[in-house]
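Okay, here's what each chain looks like letter by letter:
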Amino acid sequence: MSKKQLIFIVASLLLILSLLYARTNKITDKHVVSNVEHQSKKEDTLISFPSFESRLIDAKKKISSDELTAIKKLEKNVGSNNYEASALKTLALHWDSLKYHYIAAHYYEEITKTDSSETVWIAVANAYFNAFKYAEGDNELMFFADNAIRTYIKVMQLNPTNLDAKTNLAFC
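Here's a quick rundown of the structure. (Residues numbered from 1 in each chain as written. Predicted model: local features only at pLDDT ≥ 70, side-chain atom pairs only at ≥ 80, totals over all residues. Heavy atoms only, no water.)

Section: the nonpolar core
Here's step 1: One finds W95, Y107 and Y152 to be the most contacted residues of the largest nonpolar core, which totals 40 residues.
Here's step 2: At the level of elements, α3 (52-62), α4 (65-80), α5 (84-97), α6 (101-111), α7 (118-133), α8 (138-158) and α9 (163-171) are the ones that each hand at least two residues to this core.
Here's step 3: Per-element tally for this core: the top contributor is α7, with 10 residues.
Here's step 4: Filtering out sequence-adjacent residues up to four positions away, Y152 remains in contact with I122, A125, N126, F129, A165, N168 and L169. (Core = buried A, V, L, I, M, F, W, Y, C linked by side-chain atoms within 4.5 Å. Buried < 20%, exposed > 50% of the residue type's maximum accessible area, 1.4 Å probe, protein only. Helix = DSSP H or I, 4+ residues; strand = E, 2+ residues; numbered from the N terminus. Contact = heavy atoms within 4.5 Å.)

Focus: the packing of α6 against α7
A pair of packed helices is characterised by two quantities: the angle between their axes and the separation of those axes.
Here's step 1: Between α6 and α7, the shortest axis-to-axis distance is 8 Å and the interhelical angle comes to 165 degrees. Relative to α7, the element α6 lies roughly antiparallel. The crossing of α6 and α7 is left-handed. Contacts between α6 and α7 involve H101, Y102, A104, A105, Y108, E109 and I111 from the former and V120, W121, A123, V124, A127, Y128, N130 and A131 from the latter.
Here's step 2: Residue composition of the contact of α6 with α7, grouped by class: 12 nonpolar, 2 polar and 1 charged. (Axes fitted to C-alpha atoms, helices over the stretch in contact; angles between N-to-C directions. Parallel < 35°, antiparallel > 145°, perpendicular 65-115°, else oblique. Left-handed = near helix turned anticlockwise from the far one by under 90°. Nonpolar A, V, L, I, M, F, W, Y, C, P; charged D, E, K, R; others polar.)

Right under this line is the structure:
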């Protein structure tokens, strides 16, 4: 049995157990969301993390010159494009493809200022979740988990039946 299969089985069992526990105690989604929001707010004061700008500068130093040129072209499109949300999405997708999920999450979250749909929020949440999975160190882990939780809660507020949001929230 491969490592991925084992992780999937353990995660599935944890999810089933948590769902059974929630059902037997008749906890509503609103109650669960409320508790997670409260816990998330308490942890906000404990987590420090480098600014987005410093992370962006570091990331740009690590990528190839071809990728940097492509990124700069995409960034230029963001400021001058009438379809800024589309340009931001393209930029986020590009950073995501480079495995800089935190930077992608930032750009997805910028889109929510003009488009606060469930689709956009799930993209933000998934990017933070991917950053959480690849976090290096406790501060990163807590920062990305906190943001993934915050944004999955937003998705669940928009659509309480979103199973992806519920599942990934359980992993956080």
